[in-house]
Amino acid sequence: MQLTFCCAHTKPEPWLAGLRAALPDADVSVWVPGAPLADHAIVWAPPQAFIDEQTRLQTLFNIGAGVDGLLKLRLPPGLKVVRLDDAGMAVQMAEYVSHAVIRHFRDFDVYDAAQREARWAFQKPRRREDFTVGLLGLGVLGSRVAQALRAFEFPVLGWSRSPKALDGVRCHHGPDGLHDFLAGTQMLVNLLPLTPDTENLLNRDTLGRLRHGAYVINVARGAHLVDDDLLALLDSGHLAGATLDVFRNEPLPPEHPFWHHPHITVTPHTAARTLRDESIAQIARKIRALERGEPIAGVVDPQRGY
Ligand code: NDP
Ligand code: OXD
């Protein structure tokens with residue numbers, strides 16, 4: 001079996017060593033133009049030329065959860081696209097979102113500012129029951145985040161495409177469920193895949209439906225959010241703040257207003273990193289299952305876009 005590796009911004013050597021150790025029978029190499037045809041590929045943001053040349057491929061294993069970049073390429077109809085499911089990302093996402101929620105809920109930014117002025121200043125505690133966290137997306141990552149937030153006893157709402165039942169989460173679904181979800185949300189967390197249905201979903205209308213003084217956490221994709229609409233709603237006081245990990249253009253350009261906005265926290269697309277060892281183990285397990293003719297989890301439906 002031939003495996004090819006074509007991952008932008010990724011040092012190949014440790015991946016190749018890990019893949020060879022996990023799949024000793026496989027011939028694993030880095031793709032270069034004109035390389036021999038492979039059976040399966042491990043990819044992140046491959047060029048169209050890679051897809052056009054590698055005509056024998058059965059599977060593209062994406063080394064991330066989001067496949068929006070991959071689905072922009074022209075892919076042959078029978079080619080399976082497989083995303084990472086969890087592979088150590090869910091707990092990282094739960095840490096990141098819990099941190100951002102608790103930082104705002106407990107006014108840690110206010111205390112940081114007070115310390116800089118040597119000021120001993122209590123803040124009036126917020127009421128947990130007023131502080132409903134709304135999760136857009138209840139998939140692999142969203143459901144793990146819901147579990148973490150429930151452990152801190154925050155009220156949690158969720159929104160997904162299909163109906164869901166999650167312990168302790170009031171679940172809404174579909175376009176008809178969106179307005180009630182937004183109207184009940186004080187802290188919005190976006191964990192949707194980027195698809196034609198979800199692009200620009202966080203806009204003046206939807207964010208304007210959140211409770212007054214709401215807070216926004218975007219950890220999914222930059223193109224979900226209309227940047228100027230967020231800025232306008234922060235400046236009008238309808239929104240209290242935002243924590244943003246993902247952006248339309250990454251790296252976020254130095255001149256972008258998000259960098260210096262007093263109520264925006266920026267992190268460099270780091271909420272849940274791909275963990276090499278966990279990812280290799282998951283991909284190797286799935287390749288062995290496919291070779292035995294068994295079904296695997298995480299196969300992307302190109303019609304849904306995730
Ligand atoms: P999943 O595919 O497991 O979950 C997606 C969820 O979104 C599902 O609940 C799905 O509904 C819901 N959804 C999809 N489309 C719609 C729609 N049109 N309306 C309502 N709900 C919808 O994805 P993951 O949880 O694994 O990952 C989510 C995203 O997080 C990734 O696509 C990626 O963009 C981002 N990400 C960001 C990282 C970071 O570091 N910032 C790291 C990893 C991922 P249903 O359950 O009904 O299918
Ligand atoms: C992913 C990401 O999709 O890192 O995995 O954003």
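Residues numbered from 1 in each chain as written. Chains lettered and ligands numbered in written order. Predicted model: local features only at pLDDT ≥ 70, side-chain atom pairs only at ≥ 80, totals over all residues. Heavy atoms only, no water.

Focus on the overall build of the chain
Definition in use: Starting at the N terminus, helices and strands are each numbered in turn, a helix being any DSSP run of H or I of at least four residues and a strand any DSSP run of E of at least two. When accessible area is computed with a 1.4 Å probe and restricted to protein chains, residues below 20% of their type maximum are described as buried, those above 50% as exposed, and intermediate ones as partly exposed. By definition, residues are in contact when any of their heavy atoms lie within 4.5 Å. Every accessible area reported is derived by Shrake-Rupley at a probe size of 1.4 Å, with residue values counting cover from the shown protein chains alone. For the purpose of counting charges, residues Lys and Arg are taken to be positive, whereas Asp and Glu are taken to be negative. His and the chain ends are not included. In this description, the location of a charge corresponds to atom NZ of lysine, CZ of arginine, CG of aspartate or CD of glutamate.
If you tally the helices and strands in the chain, you get nine helices and twelve strands. The dimensions of the chain, computed from C-alpha atoms along their principal axes, are 65 × 40 × 35 Å. Counting only residues that meet the buried cut, the chain has 49% of its 306 residues in that class. The contacts of the chain with a sequence gap of at least 6 include a subset with a gap of at least 24, amounting to 60%. Of the accessible surface of the chain, which amounts to about 15,400 Å², a share of 53% is contributed by carbon and sulfur atoms. Averaging the locations of the 32 positively and 35 negatively charged side chains of the chain gives two centres separated by 4 Å.

What about the site of ligand 2?
Let me state the cut-off plainly: Definition of nearness: a residue and a molecule or strand are near each other if at least one heavy atom of the residue lies within 4 Å of the molecule or strand. What qualifies as a polar contact is a pair of N or O atoms within 3.5 Å, subject to a donor-acceptor requirement within protein and to the restriction that residues adjacent in sequence count only when both atoms come from side chains. Each residue receives one of three labels: charged for Asp, Glu, Lys and Arg, nonpolar for Ala, Val, Leu, Ile, Met, Phe, Trp, Tyr, Cys and Pro, and polar for the others, Gly being one of them.
Neighbouring ligand 2 are the residues Gly64, Ala65, Gly66, Met89, Arg221, His269 and Ala272. With respect to ligand 2, the side chain of Arg221 contributes an N or O atom lying 2.8 Å from an oxygen atom. Across the complex, the protein chains shield 84% of the 210 Å² of accessible surface that ligand 2 would expose by itself. Here the shell around ligand 2 is built from residues that sort into three nonpolar, three polar and one charged.

A few points about the packing of helix H1 (residues 12-22) against helix H9 (residues 276-291)
This is how it is decided: Only the stretch in contact is used when a helix axis is fitted, and all axes are lines through C-alpha atoms; the angle between N-to-C directions ranges over 0 to 180 degrees. These descriptions rest on fixed angle ranges, namely under 35 degrees for roughly parallel, over 145 for roughly antiparallel, 65 to 115 for roughly perpendicular, and the rest for oblique. For any pair of crossing helices, the crossing counts as left-handed if the nearer helix is rotated counterclockwise from the farther one by less than a right angle, and right-handed if it is rotated clockwise.
At their nearest, the axes of H1 and H9 sit 10 Å apart, and the two run at 40° to each other. One element, H1, and the other, H9, form an angle in the oblique class. In the crossing of H1 with H9, the sense of the turn from one axis to the other is right-handed. Contacts between H1 and H9 pair Pro14, Trp15, Gly18, Leu19 and Ala22 from the former with Arg276, Ser279, Ile280, Ala284 and Arg288 from the latter. Tallied by class, the residues present in the contact of H1 with H9 amount to six nonpolar, two polar and two charged.

Looking at the packing of aromatic side chains
What counts, and what does not: Think of it this way: a Phe, Tyr or Trp ring, Trp meaning its six-membered ring, pairs with another when their centres are within 6.5 Å, and the plane angle makes it stacked under 30 degrees, edge-to-face over 60, tilted otherwise. Note on geometry: a ring has a charge over it if NZ (lysine) or CZ (arginine) is within 6 Å of the ring centre and within 35 degrees of the ring normal.
Under the criterion given, the structure shown has seven aromatic pairs. Ring geometry for Phe105 against Phe131: centres 4.8 Å apart, planes inclined by 50°, an arrangement best described as tilted. Here Phe105, found in helix H3 (residues 89-105), pairs with Phe131, found in the loop between helix H4 (108-116) and strand E6 (133-136); they are 26 residues apart in sequence, far enough to count as distant. Judged by relative accessible area, Phe131 falls into the buried class, the value being 4%. With centroids separated by 6.5 Å and ring planes inclined at 75°, the aromatic side chains of Trp120 and Phe122 adopt a geometry described as edge-to-face. We classify Phe122 as exposed; its relative accessible area is 71%. The ring centre of Phe154 lies 5.3 Å from the NZ or CZ of Arg128, which sits over that ring. It is Arg304 that lies over the ring of Tyr306; its NZ or CZ is 3.9 Å from the centre.

Topic: the site of ligand 1
As a structural note, the neighbourhood of ligand 1 is formed by 30 residues, with Arg83, Leu141, Ser162, Lys164 and Tyr306 the closest of them. Within the side chain of Asp245, one N or O atom sits 2.9 Å away from a nitrogen atom of ligand 1. Side-chain polar atom of Tyr306 to an oxygen atom of ligand 1: 2.5 Å apart, as the coordinates give it. The fraction of the free accessible surface of ligand 1 (940 Å²) that becomes covered by protein chains is 93%.

Observations regarding the domain arrangement of the chain
Worth spelling out the cut-off: Those domain boundaries reflect an automatic or database domain assignment. The buried area of a pairing is the accessible area, by a 1.4 Å probe, that goes missing from both parts when the two are put together, added over both. A side-chain nitrogen of Lys or Arg and a carboxyl oxygen of Asp or Glu constitute a salt bridge if their distance falls within 4 Å.
We note that the domain assignment places domain 1 (2-87 + 274-291) and domain 2 (89-266) within the chain. Placing a centre on the C-alpha atoms of domain 1 and another on those of domain 2 gives a separation of 32 Å. At the interface, twelve residues of domain 1 touch six residues of domain 2. For the pair domain 1 and domain 2, the summed buried surface comes to about 740 Å²; carbon and sulfur atoms form 56% of the total. Taken together, the connections running from domain 1 to domain 2 amount to one salt bridge.

Here's the deal with the pattern of salt bridges
Evaluation of the coordinates by the stated rule reveals 13 salt bridges. Ionic pairing is found between Asp109 and Arg103, a salt bridge with its closest N-O pair at 2.8 Å. Assessed through its relative accessible area of 26%, Arg103 is described here as partly exposed. Measuring nitrogen to oxygen at the nearest pair gives 3.2 Å for the salt bridge that ties Asp205 to Arg209. The exposure class of Arg209 is partly exposed, given its relative accessible area of 35%. When salt bridges with common partners are traced through the structure, they connect Arg127, Glu129 and Asp130 into a single cluster.

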